[in-house]
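Examining the three-dimensional arrangement
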Amino acid sequence: DIKIGAFFGGMQLDFSEVITEKDAYRMDINIVNGGLNIIVPDNFRLKIVDTCKFGGIADHTVCIDPDHSVALSVFADITCGGLNFENPSE
């Protein structure tokens, strides 16, 4: 449903106010020598499939209601970079 890339740079993407119409979404991410910080609502449940080469992924999200959550399948290809997921701060 969304494709995101970072090449020799970084950014923060805030999806905390997103209004969902489906119960499952797909996110494709490609990072080369960069970093992404992605903020997702606390009703999202992440499933991360990754290929990391000299990089890493941190999932700091907490789904408050797993029985009524929105599934977010993340497919990440990371080379010399980082990816961070978090919930919105209060």
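See the structure shown above.
1. Focus on the side chain of Asn84
Residue position: Asn84 is located in strand S8 (residues 82–86). Under the relative-accessibility criterion, Asn84 is labelled buried at 16%. There is a polar contact of 2.4 Å between the side chain of Asn84 and the side chain of Asn37. In this view, Asn84 contacts Leu36, Asn37, Ile38, Ala58 and His60; residues no more than four positions away in its chain are not counted.

2. A look at the pattern of salt bridges
Per the stated rule, a full pass over the model turns up three salt bridges. One salt bridge connects Asp1 with Lys22, and the closest N-O pair in it is separated by 3.0 Å. One end of the pair, Asp1, is in the segment before strand S1 (2–7); the other, Lys22, is in the loop between strand S2 (10–14) and strand S3 (24–32), with 21 residues separating them in the sequence. Owing to a relative accessible area of 57%, Asp1 belongs among the exposed residues under this scheme. Between Arg26 and Asp28 there is a salt bridge; the shortest N-O distance is 3.0 Å. A relative accessible area of 40% means that Arg26 is categorised as partly exposed.

3. What to know about the state of the cysteines
Within this structure, the stated rule accounts for zero disulfides. Cysteine Cys52 remains unbridged, with the sulfur of Cys80 as its closest cysteine sulfur at 11 Å.

4. Points about the sheet that holds S1
Spatially, four strands are ordered S1-S3-S7-S5 in an open sheet, and the strand pairing comes out parallel. Looking at strand neighbours, the two that pair on one side only are S1 and strand S5 (44–53), the edges of this open sheet. In this sheet, neighbouring strand axes are inclined to one another by 15 degrees on average, regardless of whether the strands run parallel or antiparallel. Pairing analysis gives six bridges linking S1 to S3, with the strands arranged parallel. For Ile2, the partnering residue across the bridge sits in S3 and is Met27.

5. Details of the side chain of Thr61
Tracing the chain through its elements places Thr61 in the loop between strand S6 (56–60) and strand S7 (70–79). Polar contacts involving the side chain of Thr61 include one to the side chain of Asp59, which spans 2.5 Å. Ignoring sequence-local partners within four residues, the contact set of Thr61 consists of Val40, Leu46, Phe85, Glu86 and Asn87.

Reading the values: the criteria
Positions within a chain are numbered from 1, following the residues in the order the chain's sequence is written. This being a predicted model, a pLDDT of at least 70 is required before a residue's local features are given, and a value of 80 or more before pairs of side-chain atoms are given or counted; all residues contribute to the totals for chains, interfaces and linings. For side-chain calculations, the full set of non-hydrogen atoms in the structure is used, while hydrogens and water are omitted. Secondary structure elements are defined from DSSP: runs of H or I of at least 4 residues count as helices, runs of E of at least 2 residues count as strands, and each element is numbered from the N terminus. Burial classes follow relative accessibility: with a 1.4 Å probe on protein chains only, a residue under 20% of its type's maximum area counts as buried, one over 50% as exposed, and anything between as partly exposed. Side-chain atoms alone can form a polar contact between residues adjacent in sequence; in general such a contact is a pair of N or O atoms within 3.5 Å, and within protein one must be able to donate a hydrogen while the other accepts it. What makes two residues a contact is simply this: any of their non-hydrogen atoms within 4.5 Å. Throughout this description, the term salt bridge denotes a Lys or Arg side-chain nitrogen within 4 Å of a carboxyl oxygen of Asp or Glu. Two cysteine sulfurs form a disulfide in these notes if their separation is within 2.5 Å. Strand pairing is assigned whenever DSSP identifies at least 2 bridges connecting the two strands. A fitted line through C-alpha atoms represents every axis, and for helices the fit uses only the stretch in contact; the resulting angles, taken between N-to-C directions, go from 0 to 180 degrees.

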